[in-house]
Amino acid sequence: LVLDAWDAPAALDSTWCLFECLACQSKDAELEVTLPPVLTTAFHEALRSDFAAAAAGPTDVSIDHTTSSSADERAAILSMIRDEGFTTAEANAAIAEHLSDWVSNEAHVALRSDAANDQLIDGLAGLLKRRGRIVEAEALCRTLLRVREARLGEDHEHTVLTVGALAQLLVERGRIGEAEVMCRRVLKANEARLGERHARTVDAVADLGVLVHAQPGRLEEAVVLFERDLEGCAALYGGKDVRTLAAARNLGRAYDELGRAGHA
């Protein structure tokens with residue numbers, strides 16, 4: 001598939017081209033995506049400067065908005081898509097996933113000449129996470145953390161956000177103890193920089209409570225954190241807000257487990 005642009009490729013406006021992409025994927029055939037060299041260079045620069053916007057161009061797929069040479073051809077292609085077992089929405093998602101993998105490959109190439117570009121690393125790590133490539137995303141997130149610690153300092157907002165992102169990846173890999181260490185670091189930094197009643201601090205308390213609760217023998221610790229979370233949410237959002245109600249449910253379940261249902 002040769003693209004004539006990375007931001008609005010004409011090929012993605014063709015119903016037939018998208019069907020060919022889908023057919024390759026559904027039959028496990030290789031689909032090679034390429035840009036002319038001058039456009040590849042421009043695409044890499046765009047990924048470095050605004051990853052989200054650059055990555056959206058070649059992955060914004062909608063069969064409903066494509067064109068065909070005739071209404072009959074379009075109807076036939078849509079019928080073939082259904083015959084492959086896809087709804088239109090499923091077909092869009094499948095094609096976008098394949099193109100996202102191509103974007104991630106190009107981003108890796110862009111990183112070779114700009115290995116400390118934190119925006120590029122951050123965007124690529126997020127893309128890999130969304131694609132379920134958690135091990136790769138974790139490795140990039142650790143690289144991003146080292147870059148931001150060196151450039152911005154350990155307590156900078158972006159550094160702390162990266163620590164939180166790493167904690168989420170560790171949770172997805174089942175490494176709860178390591179994730180707890182990261183969450184405690186986030187909480188400590190937010191308390192110092194934002195104060196105990198800031199939304200991010202309260203969120204960090206809730207995240208830590210969930211992690212502690214997931215570990216055997218630490219229910220009492222979890223209750224203390226859930227109590228603090230509920231208090232913070234009530235102060236910030238009021239008693240009827242969905243965040244406060246969620247905090248109350250967490251605390252109620254923990255009380256039940258301790259046999260203290262009267263407190264819930």
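This text goes with the structure placed above it.
Residues numbered from 1 in each chain as written. Predicted model: local features only at pLDDT ≥ 70, side-chain atom pairs only at ≥ 80, totals over all residues. Heavy atoms only, no water.

Student: How do you make sense of the overall build of the chain when you look at a structure like this?
Tutor: Within the chain, the secondary structure is distributed over 12 helices and zero strands. Moving toward the C terminus, one meets the helices and strands of the chain in the order α-α-α-α-α-α-α-α-α-α-α-α. Here the chain, with 264 residues, has 42% of them falling under the buried criterion. Long-range pairs, those at least 24 residues apart, make up 63% of the contacts in the chain with a sequence separation of at least 6. In the structure as shown, the chain presents an accessible area of about 13,600 Å², 53% of it carried by carbon and sulfur atoms. Positive and negative side-chain charges in the chain, numbering 28 and 43 respectively, have mean positions lying 7 Å apart. (Helix = DSSP H or I, 4+ residues; strand = E, 2+ residues; numbered from the N terminus. Buried < 20%, exposed > 50% of the residue type's maximum accessible area, 1.4 Å probe, protein only. Contact = heavy atoms within 4.5 Å. Areas by Shrake-Rupley, 256 points an atom, 1.4 Å probe, with all protein chains shown as cover. Lys, Arg positive; Asp, Glu negative; His and termini not counted. Charge placed at Lys NZ, Arg CZ, Asp CG, Glu CD.)

Student: Would you explain the state of the cysteines in this entry?
Tutor: The bond known as a disulfide is covalent and runs between the sulfur atoms of two cysteines. Here the structure, examined in full by the defined rule, presents zero disulfides. Summary of cysteine pairing: Cys24 is not part of a disulfide, and the nearest cysteine sulfur, belonging to Cys21, is at 6.9 Å. (Disulfide = S-S within 2.5 Å.)

Student: Is there a simple way to explain the nonpolar core in this structure?
Tutor: Inside soluble globular proteins, nonpolar side chains tend to come together where they are buried. Ranked by internal contacts, the top residues of the largest apolar core, which has 70 residues, are Phe43, Leu47, Phe51, Ile95 and Val103. Of all the elements, helix α5 (residues 88-112) adds the most residues to this core, at 10 residues. Residues within four places of Ile95 in sequence aside, it is in contact with Leu18, Cys21, Leu22, Gln25, Val61 and Ile63. (Core = buried A, V, L, I, M, F, W, Y, C linked by side-chain atoms within 4.5 Å.)

Student: How should the pattern of salt bridges be read in this particular structure?
Tutor: Here the idea is simple: oppositely charged side chains can pair when their charged atoms come close. In total, this model carries 24 salt bridges according to the counting rule given. Between Asp118 and Arg148 there is a salt bridge, and its shortest N-O distance comes to 3.2 Å. Of this pair, Asp118 sits in helix α6 (residues 118-130) while Arg148 sits in helix α7 (residues 134-152), placing them 30 residues apart in sequence. Looking at Asp118, the relative accessible area reads 11%, which means it is buried. For Arg133, the salt bridge is made with Glu136, and the minimal N-O distance between the two is 2.8 Å. Look at Arg133 and you get partly exposed, because its relative accessible area is 22%. Using a relative accessible area of 35% as the deciding quantity, one classes Glu136 as partly exposed. (Salt bridge = Lys/Arg side-chain N within 4 Å of Asp/Glu carboxyl O.)

Student: Please explain the environment of Leu47 as it appears in this structure.
Tutor: Note on placement: Leu47 falls in helix α2 (residues 37-49). Residue Leu47 is classed as buried on the basis of its relative accessible area of 0%. A sequence separation of 74 residues divides Leu47 from Ile121, and the C-alpha atoms of the two residues are 9.8 Å apart. Beyond its immediate stretch of four places on either side in the chain, Leu47 contacts Ala54, Ala55, Val103, Glu106, Ala107 and Leu120.

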